[in-house]
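Analysis of the macromolecular model
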Amino acid sequence: VSVRVRYAPSPTGRLHPGNARTVLFDYLFARQQGGTFILRIEDTDQARKTEDALDSILDGIRWLGLDWDEGPGIGGPYGPYVQSERLSIYREHATRLVDAGDAYPCFCTAERLEAMRRQQQAEGRPSTRYDRRCLALPREEVEARLAAGEPSAIRMKMPEGPTRLKDLLRDLEPVDGRSQDDAVLLKSDGYPTYHLASVVDDHLMEISHVIRGDEWLGSFAKHLVLYRMFAWEPPIFVHVPVVLGPDRAKLSKRHGAAAVLEYRDMGYLPEAMDNFLALLGWSPGTEDDFFRLDELVQHFDLSRIQASPAVFDQAKLDSVNGRHIRALAPPELARALRPHVPDLSAALLEAAVPLVQERIQRLTDAEPLLRFLVHRPEGMPPELLPRTRELDEAAALEKAIGALQEARELFTASPLGPGLEQPLRGLAAERGLKAGDLFMMLRIALTGSRVTPPLLESAALLGPAECAVRLDFAVGDLVGRRR
Ligand code: GLU
């Protein structure tokens, strides 16, 4: 059979890291098998769906580089791929189950169901369940109420007997139908519930593998029963474990970013995010854990998904990101850095890449390191004057002025770059300064910051004319402090 895998988001919120991990697994498996990757929009919860959510989910998937073969914006032979455009299909299937006696109309109002739930809770039942009042209605009454247009839902009639819950990762205790609720399949507003819509669509779209979050294990028995009722062969299921935060609670907003696109803004590369997410609950079975997307496709193996929950570790994400930053060709890194250092021209950014490539974990780390290229220092902070025990403040000031003036000559007379290190050390020695003190003064004078890429490479980027301007300004600043 051909491999067809779908990711089926509900447009009720943004794509959070746990869901992003599920899409990634769907994608990797489909690509690895040379199969088809399908996106299906499960927008049947009209109360919870929002337009923005769909856009941001699709943008998140695109940012991760996971292109789909069938679905929104592309179409395909099994469309429409948006469930709200398939309502007649679900009604037809629900009716088929009613006709076969596997489902029944239910006229209970929301108020009645609420009262029933409260009653059952008061009786101390561990879980509440529909009491099947409408299953007991005489046939003629049902017909009459339907004919009169009374609002009704359709519920599945959970059969007695065990259902074996077997997916690719686990073989769970069989569940007895009697322990399950008669779930609503079609709501009175004409929209299907998730249970009906996903089973019908997975079958009609010829989905071969359902890879989804393990929060659906609780519905798994109902789905398998539906396949049996329709006499359809179920797909292969894989329920991937939830992603936990470092405190082992389900990963949520309070652990950091809520949506994958926020990680883009925080300076992570999509390829690093893919690499990191893939390792959440999947083990490559190799020593190395550095993978680009195409390498993930090559190595991915469903059977190495772990059944235990994975923990989201931001420090690990940082380090994976750093490795991907270092693996980029400089022009690619320049392109990725662009939005994070908007003040720098493209040419200057490209020239500056070698200064930061080895030093940053996130793309956002580059801005503070490179801002000196476009922002001139504001002056020399007094605490940066060389402070040797023998010197009083006035003498230290004179020493600093002299050293900076001499350094200015060096910076304008010789080619800028690491070759200046020896002459500067000589200068420091001659003047009785520690080399470190001189370099720190120059760093502040040239960049206005204590933490920058290597000083002489930074000076080279500024160029001799700009170095002269900045050193003159620093000297002027110090001269102004003479008493
Ligand atoms: N619409 C469901 C969700 O967003 C899909 C679950 C599934 O993959 O079957 O979680």
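Details of the structure are given in the entry above.
Predicted model only: the values in this text are computed from it and were never measured.

Secondary-structure assignment places Met440 in helix 17 (residues 435-447). Judged by relative accessible area, which is 26%, Met440 ranks as partly exposed. C-alpha separation for the pair Met440 and Leu455, spaced 15 residues apart in sequence, amounts to 8.9 Å.

Attention shifts here to the environment of Lys157. Looking at the secondary structure, you find Lys157 in the loop between strand 4 (153-156) and strand 5 (162-166). Spatially, the C-alpha atoms of Lys157 and Leu410 are 89 Å apart, while their sequence positions differ by 253 residues. Not counting residues up to four positions away in its chain, the partners in contact with Lys157 are Gly101, Asp102, Ala103, Tyr104, Arg132, Leu135, Asp182 and Met229.

To continue, consider the side chain of Arg21. Turning to its location among the elements, Arg21 is positioned in helix 1 (residues 17-32). Buried and unpaired, Arg21 has Asp214 as its nearest opposite-charge partner, separated by 6.8 Å. Residues within four places of Arg21 in sequence aside, it is in contact with Val240, Pro241, Val242, Val243, Leu277, Leu280 and Gly281.

For the largest pocket, the calculated volume is near 970 Å³. The wall of the largest pocket is formed by 42 residues, among which Ser10, Thr12, Asn19, Glu215 and Trp216 lie closest to the centre. Residue assignment for the lining of the largest pocket shows that the elements contributing at least two residues are strand 1 (4-7), helix 1 and strand 8 (209-213). Take the lining of the largest pocket: its biggest share by element is 6 residues, from helix 1. Within the lining of the largest pocket, the residues separate by chemical class into 17 nonpolar, 12 polar and 13 charged. The space that makes up the second largest pocket amounts to roughly 370 Å³. Looking at the lining of the second largest pocket, the elements that each hand over two or more residues are helix 3 (87-99), strand 3 (103-106) and helix 5 (139-147). By residue number, the principal contributor to the lining of the second largest pocket is helix 5, which donates 4 residues. When its residues are assigned to classes, the lining of the second largest pocket shows 10 nonpolar, 1 polar and 4 charged.

Moving on to the sheet that holds strand 3. Here 3 strands make up an open sheet; going across it, the order is 3-4-7 and the pairing antiparallel. The sheet terminates laterally at strand 3 and strand 7 (184-186), the two strands that pair on one side only. Across the sheet, the mean angle from the axis of one strand to that of its neighbour is 40°, orientation sign disregarded. In this structure, strand 4 lies alongside strand 7, joined through 2 bridges in antiparallel fashion.

This part takes up the pattern of salt bridges. The tally for this structure, following the rule as stated, stands at 39 salt bridges. For Arg48, the salt bridge identified is with Asp45, shortest N-O distance 3.7 Å. We classify Asp45 as partly exposed; its relative accessible area is 30%. What you see here is one network of salt bridges that share partners, running through Arg6, Arg40, Glu42, Arg86, Asp201 and Asp202.

Residues Leu349, Ala352, Val353, Leu355 and Val356 constitute the buried set of helix 13 (residues 346-356). Considered in projection along helix 13, the buried side chains sweep an arc of 155° and stay on one side of the axis. For helix 13, the exposed residues set more than 90 degrees away from the buried face come down to Ala347 and Pro354.

Basis of the calculations
Residues numbered from 1 in each chain as written. Predicted model: local features only at pLDDT ≥ 70, side-chain atom pairs only at ≥ 80, totals over all residues. Heavy atoms only, no water. Helix = DSSP H or I, 4+ residues; strand = E, 2+ residues; numbered from the N terminus. Buried < 20%, exposed > 50% of the residue type's maximum accessible area, 1.4 Å probe, protein only. Contact = heavy atoms within 4.5 Å. Lys, Arg positive; Asp, Glu negative; His and termini not counted. Salt bridge = Lys/Arg side-chain N within 4 Å of Asp/Glu carboxyl O. 1 Å grid on protein atoms, 1.4 Å probe; cavity = no way out; pocket = protein on both sides within 12 Å on 5 of 7 lines; lining within 4 Å. Points joined across faces, edges and corners; volume = space filled by probe spheres on them. Nonpolar A, V, L, I, M, F, W, Y, C, P; charged D, E, K, R; others polar. Pairing = 2+ DSSP bridges. Axes fitted to C-alpha atoms, helices over the stretch in contact; angles between N-to-C directions. Arc of directions from axis to C-beta.

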